[in-house]
Amino acid sequence: MELYNLKHPSQKVSFKEAVQLGLGKDRGLFFPTQIPVLHDIEALLAMPFVERSKKVLGAWLASELGQDAVDKLVERAFNFDLPLVAVDEQRSCLELFHGPTLAFKDFGARFMAQCINAFAQDSRLTILTATSGDTGAAVADAFYGLDKVNVVVLYPKGKISELQEKMFTTLGKNIHTVAVASDFDACQHLVKQAFEDSDVRDGLHLNSANSINISRLLAQICYYFEAVAQSKQRHEADPVIAVPSGNFGNLTAGLFAKAMGLPVKRFIAATNANDTVPRYLETGVWQPNPTQATMSNAMDVSEPSNWPRVEAICEKLGWPLADLVGIRLSEAQTSEALAELHAKGYVSEPHAAIAARALTLNLVPDEVGIFLGTAHPAKFKDVVDRELNLDLPLPAELKAVEHKPILSAELAADFSQLKSHLFAVLS
Ligand SMILES: *Cc1c(COP(=O)(O)O)cnc(C)c1O
């Protein structure tokens, strides 16, 4: 597989290199030179998820890694269910939250972790990352127990919920966590300093494993095939898919799936009040506003980092951007959407509820809609309990960590302290 840098098209890399580098020169995103097209989609859709995913990812990666290696990566990364649950006559939710950290980010993070571990040379790599909550859990869990990678997660002490904290600080083994006596920005700054410090960067073989890594997006293509496969078992029509969007990685993967030949009628990019993309699709003017805090906080992004990839796909395939539907929901509309789903017997959470409502606003009679369930409702228990007047039980994954001890070190927001700590625990 060959990829090029969207900012510097002359920079070309292999998949392995793109995974290891994360970003290209001048922080440009890597983008595939060719998008493979799959034939006999019907036979593919009839296969079980894991077998089909080997074919889907093999189409991108077998030429570089060999099909056997692809098969192993897929088997290790994709080991949980993704049911398509009907909510009413027209809409179903593809529940992507049955992985170990109860969020769709498990798909991308687990596949990326398997790739990074498989590509690591003799020396152990160190993944260093800062989190304000969820991504830390998905990344830590995805790398947990892998033999060639250590993970260090920095997070702001006292600024994330105790349950969120317990999901990644109780693991141990190769997962090292540091509670920093400051805020999230300070954590990010420390990570940046570490990458700029050659002793740390080279001595500990740092890698960022960040959210724009191409391996994550390829992994996410697979669940779009599953969505359509399950939908086709029940309906005739090609579905409209609504994607709750923040950084637009999820939508990018959906467009890759369609470009590979998956029959999707159209995509809806559903956002909260951080509506840079819906406004852009309407007016043609790219004008990010200051980021606003909402109940769907994983979508509180006003400068989505994957957007250049969305444009690149549309351009490459000659798809007018206007075919993408952008829909923005206010907080009040999000509340209504949660209540309306609940009245139909379906407990959701704010991110998925936005996409569900976007379908209602956009579907015409006889169309079939799928919205992506990106997080387990219990992950947003505070909001869901408040909005729906419920007391959601903790799922087993969260119960299991509830009484485990937190293993984090506690440090000041001071780079020299962090540096000594890193060398002490990792070498
Ligand atoms: C990350 C996230 C999103 C947004 O996904 P993008 O790929 O960044 O657009 C939506 N919902 C939840 C629950 C998330 O964690």
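The residue numbering used here restarts from 1 in each chain and proceeds along that chain's sequence as written. Only residues with pLDDT of 70 or above have their local features reported here, since the model is predicted, and side-chain atom pairs are shown and tallied only from 80 upward, although totals for entire chains, interfaces and linings are computed over all residues. In computing side-chain values, all of the structure's heavy atoms are included and hydrogens and water are not.

Caption draft 1: Spotlight on the packing of helix α6 (residues 134-143) against helix α7 (residues 162-169). Orientation of α6 relative to α7, taken along the N-to-C sense of each, is 20°, at an axis distance of 8 Å. Judged by the angle between their axes, α6 and α7 are roughly parallel. Between α6 and α7 the crossing geometry is left-handed. Residue-level contacts link D134, G136, A137 and A140 of α6 to Q164, M167 and F168 of α7. Three categories are distinguished: nonpolar for Ala, Val, Leu, Ile, Met, Phe, Trp, Tyr, Cys and Pro, charged for Asp, Glu, Lys and Arg, and polar for the others, with Gly belonging to the last. Its residues assigned to classes, the contact of α6 with α7 shows four nonpolar, two polar and one charged. Throughout, an axis means a line fitted to C-alpha atoms (over the contacting stretch in the case of helices), and angles, computed between N-to-C directions, take values from 0 to 180 degrees. To qualify as a helix, a DSSP run of H or I must reach at least 4 residues; to qualify as a strand, a run of E must reach at least 2; elements of each kind are numbered from the N terminus. For classification purposes, an angle smaller than 35 degrees is called roughly parallel, one larger than 145 roughly antiparallel, one from 65 to 115 roughly perpendicular, and anything else oblique. Should the near helix be turned counterclockwise from the far one by less than a right angle, the crossing is left-handed, whereas a clockwise turn marks it as right-handed. Any two residues whose heavy atoms approach within 4.5 Å at even a single point are treated as in contact.

Caption draft 2: Local environment of the nonpolar core. By convention a nonpolar core is built from buried Ala, Val, Leu, Ile, Met, Phe, Trp, Tyr and Cys residues, the set being connected through side-chain atoms within 4.5 Å. Think of it in three bands: residues with accessible area under 20% of the maximum for their type are buried, residues over 50% are exposed, and the middle band is partly exposed, with areas taken using a 1.4 Å probe on protein chains only. By size, the foremost hydrophobic cluster in this structure holds 100 residues, and its most contacted members are F15, F78, F111, F143, I221, Y224 and F225. Here F111 is in contact with L57, L61, L73, V74, A77, F78, S215 and A219, once residues within four sequence places are set aside. V87, L341, A355 and V384 belong to the second largest nonpolar core, which has 29 residues in total.

Caption draft 3: Inspection of helix α15 (residues 350-362) at higher detail. Between the first and last residue of a helix there are one fewer steps than residues, each counted as 1.5 Å, and that sum is the expected span. Its 13 residues give α15 an end-to-end C-alpha distance of 18 Å, which sits within 8% of 18 Å, the value for a rise of 1.5 Å per residue. Regarding α15, the residues found buried are P350, H351, A352, A353, I354, A355, A356, R357, A358, L359 and N362.

Caption draft 4: Looking closely at the sheet that holds strand β2 (residues 12-14). Whether two strands pair comes down to DSSP finding at least two bridges between them. As summarised here, the arrangement of the three strands in space is β2-β1-β3, forming an open sheet in which the pairing is antiparallel. Each edge of the sheet is formed by a strand with only one pairing partner; in this case those strands are β2 and β3 (30-32). Ignoring strand direction, the axes of neighbouring strands in this sheet form an average angle of 40°. Contacting β1 (2-5) and β3, helix α13 (residues 307-317) runs over the sheet at an angle of about 25° to β3.

Caption draft 5: The pairing of β1, seen in detail. Inspection of the sheet shows β1 paired to β2 by three bridges, in the antiparallel sense. Bridging from a neighbouring strand, L3 pairs with V13 of β2. Taken together, β1 and the strand that follows it, β2, pair antiparallel across an intervening segment of six residues. Pairing of β1 with β3, which is carried by three bridges, proceeds in the antiparallel orientation. If you follow Y4 over to β3, its bridge partner there is F31.

Caption draft 6: Representation of the UniProt feature "domain: Tryptophan synthase beta chain-like PALP" (unreviewed entry) in the protein chain in the model. Feature annotation in UniProt assigns "domain: Tryptophan synthase beta chain-like PALP" (unreviewed entry) to the following positions: residues 95-359. What you have in residues 95-359 is 48% helix and 14% strand, and the ends, taken at the C-alpha atoms, are 16 Å apart. UniProt positions are given in the numbering used here, feature names are shortened, and annotations may be inferred rather than shown by experiment.

Caption draft 7: The side chain of T126, seen in detail. Inspection of the secondary structure assignment puts T126 in strand β6 (residues 125-130). According to the relative accessible area criterion, T126 is buried, its value standing at 3%. Here L204 takes part through its backbone oxygen, which lies 2.8 Å from a polar atom of the side chain of T126. When near neighbours in sequence (up to four residues on either side) are disregarded, T126 contacts N150, V152, L204, H205, L206, N207 and L426. We define a polar contact as two N or O atoms separated by no more than 3.5 Å, with the added condition that, inside protein, one atom must be a possible hydrogen donor and the other a possible acceptor, whereas residues neighbouring each other in sequence contribute only through side-chain atom pairs.

Caption draft 8: Looking closely at the site of the ligand. We call a residue near a molecule or strand as soon as one heavy atom of that residue lies within 4 Å of the molecule or strand. What surrounds the ligand is a group of 14 residues, the closest being K105, G246, N247, F248 and T374. The contact in question runs from an oxygen atom of the ligand to an N or O atom on the backbone of G246, over 2.8 Å. Between an oxygen atom of the ligand and a main-chain N or O atom of G249, the distance comes to 3.2 Å. Note that accessible areas follow from Shrake-Rupley with a 1.4 Å probe, and for residues the cover is restricted to the protein chains shown. Contact with the protein chains hides 95% of the accessible area of the ligand, taken as 380 Å² for the molecule alone. Among the residues forming the shell around the ligand, the class breakdown is six nonpolar, seven polar and one charged.

Caption draft 9: Layout of the packing of aromatic side chains. Pairing of aromatic rings covers Phe, Tyr and Trp, the last counted by its six-membered ring, and requires centre-to-centre distances within 6.5 Å; plane angles under 30 degrees mean stacked, over 60 mean edge-to-face, and any other angle means tilted. A complete count under the given rule lists 17 aromatic pairs for this structure. Geometrically, the ring pair formed by F15 and F119 is edge-to-face, given 6.0 Å between the ring centres and 90° between the ring planes. Residue F15 is located in helix α1 (residues 15-21), and its partner F119 is located in helix α5 (residues 105-119); the two are separated by 104 residues in the primary sequence. Of the two residues examined, F15 and F119, each falls in the buried class. The rings of F49, F78, F80, F107, F111, Y223, Y224 and F267 are connected pair by pair, giving a single aromatic cluster. K258 extends its terminal NZ or CZ atom over the ring of W319, reaching a point 5.7 Å from the ring centre. Over a ring means this: the NZ of a Lys or the CZ of an Arg is within 6 Å of the ring centre and within 35 degrees of the ring normal.

Caption draft 10: Structural detail: the sheet that holds β6. Spatial strand order, β9-β6-β7-β8-β14: five strands in an open sheet with parallel pairing. Each edge of the open sheet carries a strand with a single partner, namely β9 (206-207) and β14 (409-411). In this sheet, strand β7 (residues 149-156) lies alongside β6 in parallel orientation, the contact comprising six bridges. Among the inter-strand pairings, L128 is bridged to a residue of β7, identified as V152. Packing of α7 onto the sheet brings it into contact with β7 and β8 (175-180), and relative to β7 it is tilted by some 165°.

Caption draft 11: Summary view of the environment of G99. Structurally, the position occupied by G99 is in the loop between β5 (91-95) and α5. Residue classification places G99 among the buried residues on the basis of a relative accessible area of 1%. When the C-alpha atoms of G99 and F80 are compared, they prove to be 5.6 Å apart, with 19 residues separating the residues in sequence. Ignoring any residue separated from it by four or fewer positions in sequence, one finds G99 in contact with F80, D106 and E397.

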